[in-house]
Amino acid sequence: MKSLAKLNENYQNLKESYLFSEIAHRVAKYTQENPDKKVIRLGIGDVTLPLESEVVDSMHKAVDEMGNASSFRGYGPEQGYDFLRNAIKDYYTRNGVSVELDEIFVSDGAKSDTGNITDLFSVDNVVLIPDPVYPVYVDTNTMNGRKIVYLDANAENGFLPLPDESVHADIIYICSPNNPTGAVYNKEQLKIWVDYALKNDAIILFDSAYEAFISDESLPRSIFAIEGAKQCAIEFCSLSKTAGFTGTRCGYTVVPKDLKVTASNGEVMYVNKMWNRRQTTKFNGVPYIVQRGAEAAFSKEGMEQAQKMIGYYKENAKIIADTLDKKNMKYFGGVNSPYIWFECPNNMDSWTFFDYLLTNAQVVGTPGAGFGTNGTNYFRLTSFGNKENTIEAMERFAKLF
Ligand code: PLP
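Residues numbered from 1 in each chain as written. Predicted model: local features only at pLDDT ≥ 70, side-chain atom pairs only at ≥ 80, totals over all residues. Heavy atoms only, no water.

**Overview of the sheet that holds strand β14 (residues 366-367)**
Alright, step 1. Pairing within the open sheet is antiparallel, and its four strands lie in the order β11-β12-β15-β14. A single partner strand is all that each edge strand has here, and the edge strands are β11 (331-333) and β14.
Alright, step 2. Bridge analysis of β14 against strand β15 (residues 378-382) gives two bridges, and the strand direction is antiparallel. Paired with P367 across the two strands is F379, which belongs to β15. (Pairing = 2+ DSSP bridges. Helix = DSSP H or I, 4+ residues; strand = E, 2+ residues; numbered from the N terminus.)

**Considerations on the packing of aromatic side chains**
Alright, step 1. Overall, the coordinates contain 28 aromatic pairs when judged by the stated rule.
Alright, step 2. Centre to centre, the rings of Y313 and F384 are 4.9 Å apart; their planes meet at 80 degrees, and the pair counts as edge-to-face. You can see Y313 sitting in helix α9 (residues 300-326) and its partner F384 sitting in the loop between β15 and α11 (387-400), a full 71 residues away along the chain.
Alright, step 3. A residue is classified by how much of its surface remains accessible, and Y313, at 2% relative accessible area, is buried.
Alright, step 4. Judged by its relative accessible area of 0%, F384 is buried. (Phe/Tyr/Trp six-rings, centres within 6.5 Å; stacked < 30°, edge-to-face > 60°. Buried < 20%, exposed > 50% of the residue type's maximum accessible area, 1.4 Å probe, protein only.)

**Looking at helix α2 (residues 53-66)**
Alright, step 1. Across its 14 residues, α2 extends 20 Å between first and last C-alpha, which sits within 8% of the 20 Å expected from 1.5 Å per residue.
Alright, step 2. Listed in full, the buried residues belonging to α2 are V55, S58, M59 and A62. Buried residues of α2, seen end-on, are gathered within an arc of 100 degrees and therefore sit on one face of the element. Along α2, the residues that are exposed and aim more than 90 degrees away from the buried face are H60, K61 and D64.
Alright, step 3. Structurally, α2 contributes buried residues whose contacts are with α8 (288-298). (Expected span 1.5 Å × (residues − 1). Arc of directions from axis to C-beta. Contact = heavy atoms within 4.5 Å.)

**Section: the pairing of strand β5 (residues 171-175)**
Alright, step 1. Extensive coverage of β5 is indicated by the burial of five of its five residues.
Alright, step 2. Alternating residues of β5 divide into I171, Y173 and C175 and I172 and I174, and every residue in both groups is buried.
Alright, step 3. For strand β3 (residues 126-131) and β5, the ladder comprises two bridges, and the chain directions are parallel. When the bridges of β5 are listed, V127 appears paired with I171.
Alright, step 4. Bridge analysis of β5 against strand β6 (residues 203-207) gives five bridges, and the strand direction is parallel. Residue pairing in the sheet places C175 in a bridge with D207 of β6.
Alright, step 5. Taking the sense of rotation as the criterion, the β-α-β connection linking β5, helix α6 (residues 187-199) and β6 turns out right-handed. (Right-handed = clockwise from strand over helix to strand, strands pointing away.)

Here's what the structure looks like:
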C-alpha cells in the first residue's frame, strides 16, 4: 500500500479503550434477552440532575444579549472573561486559597486541559501515574511516547499511595478526591507529595474535578492549600460534577506564576506564560453563554444550589455505603466523593462480578479492571443515579450477599 504522511506511531501503543463500550454491549445483550427485567445503572460517572435555576437564568439572559446588536459578543479572551475568572478567584478565596486572576485559565473542561498540558513537556520526562487511574492521563502520555512509571494504589495504602523516594519522576499525576477509588488525600499526605516534587524538580498535575464533594473541612480541596505547591503544581478543575456541567462544558486550570523551569540553555521558562501561549494559539475560548452560566454557579446562591445537588448525590452514596456496611464489605470513598470502590466478593474478578450483578440483581456498575491492573478485583459504584433507583438497586444487592 502507498505510504501517506508518517503518522504518530505512538498511537499503536494505546490500549483499546473498550470499558464503556463493553459495558454497553453486555447490558444491551442482557436487556434484549430479558426485556421484562428492570436494569438499574450505577456505573456511569455522569450527572443526572438538571442544571440549577441560577445557572439557567443567567444563560437565558446571556442568550438574549447575544441576540441583540448592542450586547452581542464575538470572540472572547482565550483565557476566559474576567467576570468568570474573578468568580473563580472568589471561590478559591472562600475556600481559603489565594490565586491571582491571571493564574486562572477557563476551558471547556478538565479532560481537555489534563490532556493538552502534555504539550508543554518534553517527551523524555518520566511520568508517574497511580494505578488504578482516570485513563486520560495514561492515554495522553502514551500518545506522546512518554515513559510512564506506575505507582500502586491498593487496600494496604488506602488507595492513597505516597512517593517512593528511590524512584525519580518529572511529572506526577494526582487525582483527589479520586476517580475511581473515591479516596481523598489529607494535607499531611499532600505535603509529602509537594516535598517530593520540589526535591525531584518535578511538576504535580493535580486533578481536583471532585473537590466540591469534600465536606470534611480538614481535607484540602486544592493542592494550593499546601505550602510550596505554587512552586511545583498545576491544578485542573471543572464545573462538570460541581454544578452538573458535563454537557454544558466548562472547566478551569490554575497555573501559578511562580512555577518556573530552567531550560537546557539556562533560560528560565515560566509555565504560566507557556500555557497562555499554548491556549492563545490552539484554543479560542469557552462560549460567552456558558461562561455566564459558570459565573452564576460560582456565586453564593449558585453554590448553595450546587451543594444541594451534591447533597442529593451524597445521600445516594450513603445508601450504597450503608448497604456495604451492613454486609461487612469494606469499601473506599463514598463520603467526600461520589464514587464507592470495593473488592469484589467471593474472589470474583471485576468482569465476572459485573456479569454476576447484572444477571442476578440487574444492577450495572463499573469493573475496576478498566482503570488499571490494581482494579482487577475491584468494582466502582457511583452515586449519580436517582434516589429511588439507588435504594432499589441496593435492596437487590443486599439480598444477593
Ligand atoms: N478528571 C477526572 C478525574 C474525571 O473523572 C473527569 C470526568 O469524569 C474529568 C477530569 C473530566 O471532566 P470534564 O467533564 O471537565 O472534562
